[in-house]
Amino acid sequence: MTANSAARTDRYAVVGNPIAHSRSPQIHARFAAQTGEPVSYDRILAPLDGFAATARAFFADGGRGLNVTVPFKLDAFRLADRLSERAAHAGAVNTLWIDADGRIQADNTDGIGIVRDLRDNLGVTLAGARVLLLGAGGAARGALLPLVDAGPAEIVIANRTEARAEELAASALAARAGGGGAATPGATRLGASRFDALAGRFDVVINATSASLDGGLPPVDDALLKDAGFVYDMMYGANPTSFLVHSAACGATRLADGLGMLVEQAAESFFDWRGKRPETGGVIAAIRAELAASRP
């Protein structure tokens, strides 16, 4: 992290392919203005086979930190010299920075982003709740440990292939049991299921699949969505996602997309880099207004 008293403006960026759509520069510009930190922030389009070279060149040229988006989160994981616990568990990285010794530090802030959005911005009670996490891919893996740490009574991971959901549940259980794999008294129960075998009511349903990106839906029963206390899609856009539209049609009344998660994970990255955690409510509102203005 760079001290606030630094004479120069420190350079940060988001790396992806594609990248022109990213709202990270607007978010971090607001964070810098709010905190008074001397930060500039750009977009970098990296070749699909050239992430490591692009990142190393950025750091060699004096860049201080990078956000990493699709399809490079696994490349960033491999590039890092040191991983945070949540990055190590996720097997993917969305935040990189250079420490005082020149080593590349790495974090995954996606999970803490969703927890803060649900709990702090949306008023959703996670402690003691029964949570359904749809999907067992990278997004679910990044979210799981912070969700466990929020203290729900149970998290059920649902996936087309139950074995993959079981593996993810086992890895989180082992991480929170110090590697031994045994649950501690009062700990969150972790379960796995196929989509078509889900049963019971859930207080929170989180869509961590990418189905909404192309207008699709995870194959869950409509009654499950109707009865859910809160329905959340990690995806976001100018209009409600296909998952939220469908959930509302099923009768769900409390719903939210992942815009708040985007801003909250960015705030955690900013904290990794600068040691200051920005206020996020005003930034979420501003980006939401920009999205609304962009509708045809």
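Refer to the structure presented above.
What you see is a predicted model, and the numbers here were worked out from it, not measured in a lab.

Draft legend 1. The arrangement of the packing of aromatic side chains in detail. According to the stated counting rule, one finds 5 aromatic pairs in the structure shown. Centre to centre, the rings of Tyr-41 and Trp-273 are 6.3 Å apart; their planes meet at 45°, and the pair counts as tilted. One end of the pair, Tyr-41, is in strand β2 (residues 39-45); the other, Trp-273, is in helix α10 (residues 259-274), with 232 residues separating them in the sequence. Take Tyr-41: its relative accessible area is 10%, and that puts it in the buried class. A connected cluster of aromatic rings, assembled from ring pairs, spans Tyr-12, Tyr-41 and Trp-273. One residue, Arg-130, lies across the ring of Phe-202, its end atom 4.0 Å from the ring centre. Sitting over the face of the ring of Phe-271, Arg-277 holds its NZ or CZ atom 4.1 Å from the ring centroid.

Draft legend 2. Quick look at the sheet that holds strand β8 (residues 154-159). With parallel pairing, the 6 strands of this open sheet are ordered in space as β9-β8-β7-β10-β11-β12. Since the sheet does not close on itself, it has two edges, and those belong to β9 (189-194) and β12 (255-256), each with one partner. Note that strand β10 (residues 204-207) and strand β11 (residues 230-233) share 4 bridges and pair parallel. Of the residues in β11, the one forming a bridge with Val-204 is Phe-230. Contacting β10 and β11, helix α5 (residues 110-121) runs over the sheet at an angle of about 145° to β11.

Draft legend 3. Broad picture of helix α1 (residues 24-35). Counted at 1.5 Å a residue, the expected span for α1 with its 12 residues is 16 Å, and the 16 Å between its end C-alpha atoms agrees. Within the span of α1, buried status applies to Ser-24, Pro-25, Ile-27, His-28, Phe-31, Ala-32 and Thr-35. Angular distribution of buried residues about the axis of α1 spans 160°; they occupy a single face of the element. Those residues of α1 that are buried lie in contact with β1 (10-16), β2, β3 (65-68), α10 and α11 (281-293).

Conventions adopted
- Residues numbered from 1 in each chain as written.
- Predicted model: local features only at pLDDT ≥ 70, side-chain atom pairs only at ≥ 80, totals over all residues.
- Heavy atoms only, no water.
- Phe/Tyr/Trp six-rings, centres within 6.5 Å; stacked < 30°, edge-to-face > 60°.
- Helix = DSSP H or I, 4+ residues; strand = E, 2+ residues; numbered from the N terminus.
- Buried < 20%, exposed > 50% of the residue type's maximum accessible area, 1.4 Å probe, protein only.
- Lys NZ or Arg CZ within 6 Å of the ring centre and 35° of its normal.
- Pairing = 2+ DSSP bridges.
- Contact = heavy atoms within 4.5 Å.
- Axes fitted to C-alpha atoms, helices over the stretch in contact; angles between N-to-C directions.
- Expected span 1.5 Å × (residues − 1).
- Arc of directions from axis to C-beta.

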